Amino acid sequence: METLQPVQEKKANRLINVLSIAIPVAVAVLLGVRQKVDLGHWTTYLTHLNAVINSITAVLLILGLYFIKQKNVAAHRRTMLAAFGLGSLFLVSYVLYHLTNESTSFGGQGWLRPVYYFLLVSHIVLSVVVVWFVLRAVYFALSGQFAQHVKAVKWAFPIWLYVSITGVVVYFMIRPYYIH
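Notes on the structure follow. (Residues numbered from 1 in each chain as written. Predicted model: local features only at pLDDT ≥ 70, side-chain atom pairs only at ≥ 80, totals over all residues. Heavy atoms only, no water.)

### Things to note about the overall build of the protein
For the protein, the helix and strand inventory stands at five helices and zero strands. In sequence order, the secondary structure elements of the protein are arranged as α-α-α-α-α. In terms of principal-axis extent, the alpha carbons of the protein reach across some 55 × 35 × 30 Å. Relative to all contacts within the protein whose residues are 6 or more apart in sequence, the contacts with residues 24 or more apart total 79%. Summing over all exposed atoms, the protein offers an accessible surface of approximately 10,900 Å²; the carbon and sulfur share of this is 71%. (Helix = DSSP H or I, 4+ residues; strand = E, 2+ residues; numbered from the N terminus. Contact = heavy atoms within 4.5 Å. Areas by Shrake-Rupley, 256 points an atom, 1.4 Å probe, with all protein chains shown as cover.)

### Here's the deal with the packing of helix α2 (residues 46–69) against helix α3 (residues 73–100)
Interhelical geometry of α2 versus α3 gives an angle of 160° and a closest axis separation of 8 Å. The angle between the axes of α2 and α3 places the two elements in the roughly antiparallel class. By crossing handedness, the relation of α2 to α3 is classed as left-handed. For the contact of α2 with α3, a count of residues per class yields 20 nonpolar, eight polar and no charged. (Axes fitted to C-alpha atoms, helices over the stretch in contact; angles between N-to-C directions. Parallel < 35°, antiparallel > 145°, perpendicular 65-115°, else oblique. Left-handed = near helix turned anticlockwise from the far one by under 90°. Nonpolar A, V, L, I, M, F, W, Y, C, P; charged D, E, K, R; others polar.)

### Brief notes about the environment of leucine 81
The residue leucine 81 is located in helix α3 in this model. Between the C-alpha atom of leucine 81 and that of isoleucine 23, which follows or precedes it by 58 residues, the distance is 19 Å.

On their own, these measurements won't tell you what the molecule is for.
Written as structure tokens, this is what we have:
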């Protein structure tokens, strides 16, 4: 693939920057909506779906790393695009859940409580940060800028893997407190 012209590159970078800010801001605004929408009881199961999506995403990220180390670029590309697609699906499901259901409070006590909140806060902060890195990594790969892709992935991969894994851990820690 050939690299993009400077004007196209500038537009792509601007779009990535805008999306990296707009997505977390939109999610925060939507989460702040106090009046919940009633779409039915089925939305209470979205937390379980989100944990499955995060689990599969973590596996796909590890497989993607394996495939690229084996120099299997086609399998790497398919795996990483699947992870990106699941990340997008997760975002929709997450927002839909929080638009339709009240937040659940963590009921754990003792040493578990600060561990839970550390994982939750680091998960949330890094989930905001990783958007920019992932969008850049995907853009660089799809535009054939593989040296730039590798640089972006050095940050995107560990952060995205951490966010995926801690999402599942936080889910299992709060799961006993869900009221359905």
